[in-house]
Amino acid sequence: MDVNTMENKMPKADGKEFNFLSEDHIDSSFLETFKFDSKNQYIETTTREFSAVCPFSGLPDLADVIIEYYPEGGKCVELKSLKYYFVSFRNVGIYQEAATKRIYDDLKALLETSRLKITTIYNTRGGFDTTCIEGEL
C-alpha cells in the first residue's frame, strides 16, 4: 500500500475495508482569485456537490455548501478553482465539523476578509441532520 495515497483503512462487515486519504490531501493550492473592487458587495456561492469521507464509518458524507462573504481584501474566489479545491476533499477522511472549519480557514486566508461565513448542510446520516456554520458576516 502506498502511504502517500491510501493512509487509512476502516474494517467493515463481512471483512470489507474502505480506504480513504488523510487531510494532507486537501489541496488549497487549487484556489485562485480575481481582483474585485467593491468591498461592501455581499457575495453568496452555493454548491450541492461537496463530498468527503466520514473517518468513523468510511462512508461518503454529502453536503450542500454555502459560502457568503464581503470581498474586503479586494478579491473574489474563482469558481472553477473552488470546484477543483472541493474535489480534493472527495476521498479524504474528515469529520463534518472539521471540513467546514477547513473550508473557512482556507478561504479566509485566500480572500483576506473578516466577513466570511461557511455553512455546510449534510445529507441525513443515521437519522440525524447536521448543519455546521463557521464564521460570521
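Coordinates for the structure precede this section.
Residues numbered from 1 in each chain as written. Predicted model: local features only at pLDDT ≥ 70, side-chain atom pairs only at ≥ 80, totals over all residues. Heavy atoms only, no water.

## Digging into the pairing of strand β8 (residues 128-136)
Move 1: For strand β7 (residues 116-125) and β8, the ladder comprises 8 bridges, and the chain directions are antiparallel. Bridged to Y122 within β8 is T130.
Move 2: Joining the antiparallel neighbours β7 and β8 is a turn of 2 residues, in which G126 adopts a positive phi near 60°. (Pairing = 2+ DSSP bridges. Helix = DSSP H or I, 4+ residues; strand = E, 2+ residues; numbered from the N terminus.)

## Description of the nonpolar core
Move 1: Judged by nonpolar contacts, the single largest core of 27 residues is most densely connected at F50, I67, F89 and L107.
Move 2: Residue assignment for this core shows that the elements contributing at least two residues are β4 (43-53), β5 (60-69), β6 (75-77), α1 (79-87), α2 (96-111) and β7.
Move 3: Counting residues per element, this core draws most heavily on α2, at 6 residues.
Move 4: Setting aside its immediate chain neighbours within four residues, F50 contacts D61, L62, A63, V65, F86, F89, A99, I103 and Y122. (Core = buried A, V, L, I, M, F, W, Y, C linked by side-chain atoms within 4.5 Å. Buried < 20%, exposed > 50% of the residue type's maximum accessible area, 1.4 Å probe, protein only. Contact = heavy atoms within 4.5 Å.)

## Describing α2
An α-helix turns once per 3.6 residues; consequently, residues spaced three or four apart project the same way.
Move 1: Between its first and last C-alpha atoms α2 spans 22 Å; for 16 residues at 1.5 Å apiece the expected length is 22 Å, and the two agree.
Move 2: Turning to α2, its buried residues are Q96, A99, T100, I103, Y104, D106, L107, L110 and L111.
Move 3: Remark: E112 follows α2 within two positions and exhibits a positive phi of approximately 55°. (Expected span 1.5 Å × (residues − 1).)

## Considerations on the sheet that holds β4
In a beta sheet, neighbouring strands pair by backbone hydrogen bonds and run either parallel or antiparallel.
Move 1: The 4 strands lie next to each other as β4-β5-β7-β8, forming an open sheet whose pairing is antiparallel. Edge positions in the sheet fall to β4 and β8, since each has one partner strand and no second. Across the sheet, the mean angle separating the axes of adjacent strands is 15° when strand polarity is ignored.
Move 2: As judged from the 7 bridges shared by β5 and β7, these two strands associate in the antiparallel manner. Bridging from a neighbouring strand, V65 pairs with T120 of β7.
Move 3: Sitting on the sheet, α1 touches β4 and β5, and the angle it makes with β4 is about 20°. (Axes fitted to C-alpha atoms, helices over the stretch in contact; angles between N-to-C directions.)

## Thoughts on the packing of α1 against α2
Move 1: With their axes 12 Å apart at the nearest point, α1 and α2 run at an angle of 145° to one another. Read as a crossing pair, α1 and α2 show a hand that is right-handed. Facing α1, whose interface residues are L82, Y85 and F86, α2 presents R102, I103, D106 and L107.
Move 2: Looking at the contact of α1 with α2 residue by residue, the class counts come to 5 nonpolar, no polar and 2 charged. (Left-handed = near helix turned anticlockwise from the far one by under 90°. Nonpolar A, V, L, I, M, F, W, Y, C, P; charged D, E, K, R; others polar.)

## A word on unusual backbone geometry
Move 1: For E112, which is not glycine, the phi dihedral falls at a positive 55°.
Move 2: For E112, the location among the structural elements is in the loop between α2 and β7.

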